[in-house]
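Each chain is listed here by its residues.
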Amino acid sequence: MTGNINFRIAVKAFIQDEEGKLLLLKRSSNSPHKPDVWDVAGGRLDLGENPFLGLKREVSEETNLQIEIEKPIQVNHFTRDDGQTITMICFQCKTENADVVLSEEHMAYKWCKLEEAVDIICPHMLLGVKVLQKLNNNGKSNL
C-alpha cells in the first residue's frame, strides 16, 4: 500500500445517569467538525490506543466523569468534511456521578430524557438514542 491514509478510529459514549437520562454536550462554535450541535462525549483514538481506555480518557477529558462501559450499540463509517475517514464505535455507558465539568471543546451540557434527546441530538447520533430507547423499553434490542 502506498501513500498516506487519512483514517482514524473514534469512540462515543452514550452516558446515562442513575435515572436513565442521557448526557448531551453542545460542541463549541469554533469546533472544526459539527460546531454548535448537541452530541455525546468521545472522539478520535490515538493510533494503536485501546478503544475502551480511549473512551474513558475522552470522557474524562471532556466531562471529568468516570464511566462504566456496558456494551457497543452502534458502528458508523463516514468521511468528515475535512476528508478524514472515520470508523466510529458507540457504546452504552453509565455513571454514578453526574457532576460534569466541561472542557473547551463544548459550551454546554444537559442531562435529558431519551425522548428529548431524539429531538435535539445531531442526526449522525440519532440511531444510538433509538437503540437506547429499545434497550430501556425491552431489555434487549430488536434491531
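Residues numbered from 1 in each chain as written. Predicted model: local features only at pLDDT ≥ 70, side-chain atom pairs only at ≥ 80, totals over all residues. Heavy atoms only, no water.

Would you mind going over the layout of surface pockets with me for this structure?
Gaps left between atoms show up when a probe the size of a water molecule is rolled over them. As a volume, the largest pocket reaches approximately 390 Å³. Lining the largest pocket are 22 residues, with Arg27, Gly43, Arg44, Arg80 and Glu105 sitting closest to its centre. Examining the composition of the lining of the largest pocket, we find that three residues originate from one element, strand S4 (residues 41–44), more than from any other. A breakdown of the residues in the lining of the largest pocket according to their chemical character gives five nonpolar, eight polar and nine charged. (1 Å grid on protein atoms, 1.4 Å probe; cavity = no way out; pocket = protein on both sides within 12 Å on 5 of 7 lines; lining within 4 Å. Points joined across faces, edges and corners; volume = space filled by probe spheres on them. Helix = DSSP H or I, 4+ residues; strand = E, 2+ residues; numbered from the N terminus. Nonpolar A, V, L, I, M, F, W, Y, C, P; charged D, E, K, R; others polar.)

Is there a simple way to think about the environment of Val100 in this case?
Tracing the chain through its elements places Val100 in the loop between strand S6 (85–94) and strand S7 (106–112). Separated by 10 residues in sequence, Val100 and Lys110 have C-alpha atoms that sit 9.2 Å apart. Beyond its immediate stretch of four places on either side in the chain, Val100 contacts Leu23, Thr63, Leu65, Tyr109 and Trp111. (Contact = heavy atoms within 4.5 Å.)

Explain helix H1 (residues 51–63) to me, please; I cannot follow it from the model alone.
In an α-helix, one full turn covers 3.6 residues, which means residues spaced three or four apart are oriented alike. For H1, spanning 13 residues, the distance from its first C-alpha to its last is 18 Å, which sits close to the expected 18 Å at 1.5 Å a residue. For H1, the complete set of buried residues consists of Gly54, Leu55, Glu58, Val59, Glu62 and Thr63. The buried residues of H1 occupy one face: seen down the axis, they fall within an arc of 130°. Where the residues of H1 are buried, they touch strand S1 (7–16), strand S2 (22–27), S4, strand S5 (68–79), S6 and S7. With a side-chain oxygen positioned 2.8 Å from the backbone nitrogen of Phe52, the residue opening H1 is Asn50. Backbone geometry just after H1 places Asn64 at a positive phi near 65°. (Expected span 1.5 Å × (residues − 1). Buried < 20%, exposed > 50% of the residue type's maximum accessible area, 1.4 Å probe, protein only. Arc of directions from axis to C-beta. Polar contact = N/O pair within 3.5 Å; in protein donor to acceptor, adjacent residues only side chain to side chain.)

I'm lost on unusual backbone geometry in this one. Help?
Both trends apply: most residues other than glycine have a negative phi, and most peptide bonds are in trans. Despite not being glycine, Asp36 shows a phi value in the positive range, around 65°. Inspection of the secondary structure puts Asp36 in the loop between S2 and strand S3 (38–39). Phi is positive for Asn64, which is not a glycine, with a value near 65°. Position of Asn64 among the secondary structure elements: in the loop between H1 and S5. A residue is classified by how much of its surface remains accessible, and Asn64, at 45% relative accessible area, is partly exposed.

Sorry, what's going on with the pairing of S1 here?
Taken residue by residue, a regular strand's side chains alternate between the two faces of the sheet. Extensive coverage of S1 is indicated by the burial of seven of its 10 residues. With four bridges joining them, S1 and S4 adopt antiparallel strand pairing. Opposite Lys12, over in S4, you have Gly42 as the bridge partner. (Pairing = 2+ DSSP bridges.)

Without other data, these values stay purely geometric and don't point to any function.
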